[in-house]
Amino acid sequence: TSRQIRWFPIPFALRSMPVTFRSLVLATRPWSWSMTIGNAVLASLGAWKLSHSFDFLNALLAIFVVLFGHSAVNLTNSYWDFISGTDKVKKDGGDKTIAGGILTPKIVRIEYQVCYLLSGLLSLVLVYRVQAWGIAAIFVAMGVLGYMYTAPPVSFKSIALGELIVFFLVGPLLTLTTYFFQTGEISPFVVLYAGIPVGFFSAGVLFCNNVRDRDADRSARIYTLAHALTAPYDRAFLLLCLVLPYLYQAWLACRFFISGATSALTIPALFLPFVVLFAFHWPIYRDFLQGKFGGLEERLAQSCVPYLLLLLPGILLSPSETLF
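The model shown is predicted, which means the values in this text are computed figures rather than measured ones.

Visitor: What's the story with the overall build of the protein in this structure? I'm lost.
Guide: For the protein, the count of helices and strands is 14 helices and zero strands. Written out in order from the N terminus, the α and β elements of the protein read α-α-α-α-α-α-α-α-α-α-α-α-α-α. Pairs at least 24 residues apart make up 72% of the contacts formed inside the protein by residues separated by at least 6 positions. Element-wise, carbon and sulfur atoms account for 71% of the exposed surface of the protein, whose accessible area totals about 14700 Å².

Visitor: Looking at this structure, I do not really get the side chain of T177. What am I missing?
Guide: Looking at where T177 falls in the secondary structure, it is placed in helix α6 (residues 162–183). Owing to a relative accessible area of 5%, T177 belongs among the buried residues under this scheme. Looking at T177, its side chain comes within polar contact range of the main-chain oxygen of L174, at 3.0 Å. Each residue touching T177, except ones within four places of it in the same chain, is listed here: I138 and M142.

Visitor: For this particular structure, what's the right way to read the packing of helix α3 (residues 56–84) against helix α4 (residues 105–130)?
Guide: Packed helices, taken two at a time, are described by the angle between their axes plus the distance between the axes. One way to put it is that α3 packs onto α4 with a least axis distance of 8 Å and a crossing angle of 155°. It follows from the interaxial angle that α3 and α4 lie roughly antiparallel. Here the hand of the crossing between α3 and α4 comes out left-handed. Taken together, the residues that form the contact of α3 with α4 break down as 22 nonpolar, six polar and three charged.

Rules and cut-offs
- Every residue gets a number counted from 1 within its own chain, in the order that chain's sequence is written.
- This being a predicted model, a pLDDT of at least 70 is required before a residue's local features are given, and a value of 80 or more before pairs of side-chain atoms are given or counted; all residues contribute to the totals for chains, interfaces and linings.
- The basis for every side-chain value is the complete set of heavy atoms in the structure, and neither hydrogens nor water enter the calculation.
- Strands here are runs of E lasting at least two residues and helices are runs of H or I lasting at least four, both read from the DSSP assignment and numbered beginning at the N terminus.
- Contact definition: two residues touch when any of their heavy atoms are within 4.5 Å.
- For every accessible area listed, the method is Shrake-Rupley and the probe measures 1.4 Å; residues are considered covered only by the protein chains on display.
- Only protein chains enter the area calculation, which uses a 1.4 Å probe; residues under 20% of their type maximum are buried, those over 50% are exposed, and those in between are partly exposed.
- Polar contact is the term for a pair of N or O atoms within 3.5 Å; when the atoms are in protein, one must be able to donate a hydrogen and the other to accept it, and sequence-neighboring residues count only if both atoms are side-chain atoms.
- Axis lines are fitted to C-alpha atoms, over the contacting stretch for helices. Their N-to-C directions set the angle, which ranges from 0 to 180 degrees.
- Roughly parallel here means an angle under 35 degrees, roughly antiparallel means over 145, roughly perpendicular means 65 to 115, and every remaining angle is called oblique.
- Left-handed describes a crossing in which the near helix is turned anticlockwise from the far one by less than a right angle; the clockwise case is right-handed.
- Under the scheme applied here, ten amino acids are nonpolar (Ala, Val, Leu, Ile, Met, Phe, Trp, Tyr, Cys and Pro), four are charged (Asp, Glu, Lys and Arg), and all others, including Gly, are polar.

So this is what it looks like as structure tokens:
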């Protein structure tokens, strides 16, 4: 049952509107947070391992910057997909936030503005704490890229650049900024170890969504990568997004084993990634091959969690000098 909103900091314009807090949270697609928050946590742990530098408050602030920023991008996508006419209620899924009457376009617009504002304010606090004002330009660039993924005047999604933008936003750029706020330095290791694999997963999530919405996007004259990569190339692309992170992790395990570091741990680590790949990602890929797209992107985003958990022992137990 709907109830009236009476809390801060929801703007006055939202008060007395028949929406619930649960609806506002679900509209942000919290199932997708696992990739961005997990990446931020791994980058912070990498900073502790490599430089023995860890600031709990900075790590917490970074997580909330990521959370609000990611939510803002998701809400922006919901809003502009509805405005462009691509979001419709479908039996096989799709974003029903506005099209299904859960929230009005006005509420979604105000919500993404609030999320951008909170992410921006918290990022300024972070920048002030580390006294590195130049990094603020990266935050601004990430915000603009995230907004224009769907929104005019560019709409990267409409010109088949959505997967590339999301790969860098959720992967390397997020990893670099989080690591920087712990150490004041840029590390290529954390980008390779966490940023690039998570970037592949995020691109795969987006690609599944775009393949599902091919017809709706085409009718709205929006041409995504899913239109350029038709069968069998779409299957090959998603397979690469799923397999490459695990191949990379197995390569790291081989590297550690050859160097003599944590040899007792790396022997099972050579095989464990592929067990997880088969258990979690093969069912998703099989449904993709069969055209069962309902909830596919949610399952893929959540299946990123076991992969991130596999990375933790490698970060925490391997000697720092073997991580390069």
